[in-house]
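Residues per chain are reported as follows:
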Amino acid sequence: SIIGPINRISPVVDATSRTGVIIAEFENVFSQENVGRVFGDDFMTVEIEAKSDEPLWQVPYGAIRKSAFIWTVSNENKIHRKDVTVQWTGDGMALVSSQQPLVGERILMTFLPEEIEGKFVRISESR
């Protein structure tokens, strides 16, 4: 593999070709050892490794309240507030970080007239 830093990523993926422009810098990409592997104006598959100092979770964007928290539903069907920081949004989803683990949590999607800590909710069956 050829490794190099990404300088810029297009904010939009073309819906038809499902491609996006990535500007990356590869030192010595046309060196003798890489002959026949890379061509100018060619397409390539890129694996982007992303690192975060804190865990990230993907949640439906509509679950986020006031861009600051979500409600989770306990096994006893009571809602509990979990503070989140929105890191990225797109295609109806959001990547969020949180000081509280969100692994395996049921997330409230429906807006309730009154959303308070510990409120009992009735869960409809999934379809």
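Note that the coordinates shown come from a computational prediction; the quantities given were computed from them, not determined experimentally.

Draft legend 1. Geometry of the sheet that holds strand S6 (residues 85-90). Pairing is antiparallel across the open sheet formed by three strands, whose spatial order is S3-S7-S6. Either end of the sheet is taken by a strand with one partner, and the two such strands are strand S3 (56-60) and S6. Mean inter-strand twist for the sheet, computed between neighbouring axes without regard to direction, equals 30 degrees. For S6 and strand S7 (residues 93-97), the ladder comprises five bridges, and the chain directions are antiparallel. Bridge pairing links Gly-90 to Met-93 in S7.

Draft legend 2. View of the side chain of Ser-98. Inspection of the secondary structure puts Ser-98 in the loop between S7 and strand S8 (106-107). On the basis of relative accessible area, Ser-98 is assigned to the buried category, the value being 7%. Within the structure, the side chain of Ser-98 is placed 2.9 Å from the backbone oxygen of Asp-83, a separation counted as a polar contact. Only 3.0 Å separates the side chain of Ser-98 from the backbone oxygen of Gln-100, close enough to count as a polar contact. Apart from residues no more than four positions distant in its own chain, Ser-98 is found in contact with Pro-55, Trp-57, Asp-83 and Val-84.

Draft legend 3. Local environment of the sheet that holds strand S5 (residues 79-83). Read from one edge to the other, the open sheet built from three strands follows the order S5-S4-S8, with strand pairing classed as antiparallel. Each having just a single partner strand, S5 and S8 make up the two edges of the open sheet. As defined by bridge partners, strand S4 (residues 69-73) adjoins S5 across five bridges and the pair is classed as antiparallel. Bridge pairing in S5 links Ile-70 to Lys-82.

Draft legend 4. Geometry of the environment of Phe-43. Among the secondary structure elements, Phe-43 is positioned in the loop between strand S2 (22-24) and S3. It is 9.8 Å that separates the C-alpha atoms of Phe-43 and Val-21, two residues lying 22 residues apart in sequence.

Draft legend 5. Representation of the side chain of Arg-65 in the model. Its place among the elements puts Arg-65 in the loop between S3 and S4. From its side chain, Arg-65 meets the backbone oxygen of Thr-110 in a polar contact 3.0 Å long. A polar contact of 2.8 Å, which involves the side chain of Arg-65, links it to the side chain of Glu-115. Setting aside its immediate chain neighbours within four residues, Arg-65 contacts Trp-71, Leu-108, Met-109, Thr-110, Phe-111 and Glu-115.

Basis of the calculations
- Residues numbered from 1 in each chain as written.
- Predicted model: local features only at pLDDT ≥ 70, side-chain atom pairs only at ≥ 80, totals over all residues.
- Heavy atoms only, no water.
- Pairing = 2+ DSSP bridges.
- Helix = DSSP H or I, 4+ residues; strand = E, 2+ residues; numbered from the N terminus.
- Axes fitted to C-alpha atoms, helices over the stretch in contact; angles between N-to-C directions.
- Buried < 20%, exposed > 50% of the residue type's maximum accessible area, 1.4 Å probe, protein only.
- Polar contact = N/O pair within 3.5 Å; in protein donor to acceptor, adjacent residues only side chain to side chain.
- Contact = heavy atoms within 4.5 Å.

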